[in-house]
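# Structural features, examined
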Amino acid sequence: SLVSKNLKERLPQPTGWRLLVMPYMGKATTDGGVHIPDAVRDREALSTVVAYVLRVGPLAYEDHNKFSPDGQPWCKEGDWVCIGRYAGARFKIEGGEVRIINDDEVIATILEPDDIKHV
């Protein structure tokens, strides 16, 4: 699992139509084996467009005027998604940062976070 159970239990629970996501930090080393400093990785996480869905609020994707009438959510826990560069409210936690975003701030789902290069 991406997050240990003990830490996940202590994470904020998104209310209403919100999602709790963890911005993708990127690799700690380049493909050539060069270490990437934490400060650089932190800066990239701040401006990232890729995040991992940790939790989905109880009302997310329930607004049928905005989302599909068949109730199919755009994403679920465990998905990788693309979000707006500075979307959401940011919270520092042990080991990094999480964001709480609105359900409509998910702009795409992806299979692998490294498939998306920073813009």
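Residues numbered from 1 in each chain as written. Predicted model: local features only at pLDDT ≥ 70, side-chain atom pairs only at ≥ 80, totals over all residues. Heavy atoms only, no water.

## Section: the overall build of the protein
The helix and strand inventory of the protein stands at 2 helices and 6 strands. When the 119 residues of the protein are sorted by exposure, 35% land in the buried category. A separation threshold of at least 6 residues defines the contact pool for the protein, and within that pool the share at least 24 residues apart is 71%. Split by element, the accessible area of the protein, about 7300 Å² in all, is 54% carbon and sulfur. (Helix = DSSP H or I, 4+ residues; strand = E, 2+ residues; numbered from the N terminus. Buried < 20%, exposed > 50% of the residue type's maximum accessible area, 1.4 Å probe, protein only. Contact = heavy atoms within 4.5 Å. Areas by Shrake-Rupley, 256 points an atom, 1.4 Å probe, with all protein chains shown as cover.)

## What to know about the sheet that holds strand β6 (residues 106-110)
Reading across from one edge, β4-β5-β1-β2-β3-β6 is the order of the 6 strands in this open sheet, with antiparallel pairing throughout. Edge positions in the open sheet fall to β4 (89-93) and β6, since each of these has one partner strand only. Neighbour-to-neighbour, the strand axes of this sheet turn through a mean angle of 40°, independent of strand direction. As judged from the 4 bridges shared by strand β1 (residues 18-23) and strand β5 (residues 96-102), these two strands associate in the antiparallel manner. Paired with leucine 20 across the strands is isoleucine 100, a residue of β5. (Pairing = 2+ DSSP bridges. Axes fitted to C-alpha atoms, helices over the stretch in contact; angles between N-to-C directions.)

## Some details on the confidence of the model for the protein
Put simply, the protein has an average pLDDT of 83, and 78% of its residues get 70 or more. Element-level mean pLDDT values for the protein span from 64 in helix α2 (residues 38-46) up to 95 in β1. (pLDDT = per-residue confidence, 0-100.)

## Brief notes about the pairing of β4
Bridge count for β4 against β5 is 5 bridges, and the pairing is antiparallel. Counterpart to phenylalanine 91 in the pairing with β5 is valine 98. Between β4 and β5, which pair antiparallel in sequence order, lie 2 residues; one of them, glycine 95, sits at a positive phi of approximately 90°.

## Points about unusual backbone geometry
Phi is positive for tyrosine 61, which is not a glycine, with a value near 65°. Here tyrosine 61 shows up in the loop between β2 (50-56) and β3 (80-83).

## As for the pattern of salt bridges
Tallying each qualifying case throughout the model produces 5 salt bridges. Measuring nitrogen to oxygen at the nearest pair gives 3.8 Å for the salt bridge that ties arginine 90 to glutamate 97. On the basis of relative accessibility, which here comes to 11%, the residue glutamate 97 falls in the buried class. Of the charged contacts, one joins arginine 99 and glutamate 97 as a salt bridge, the two residues approaching to 3.4 Å between their closest N and O atoms. Since its relative accessible area comes to 0%, arginine 99 is described here as buried. One network of salt bridges, in which partners are shared, links Arg90, Glu97 and Arg99. (Salt bridge = Lys/Arg side-chain N within 4 Å of Asp/Glu carboxyl O.)

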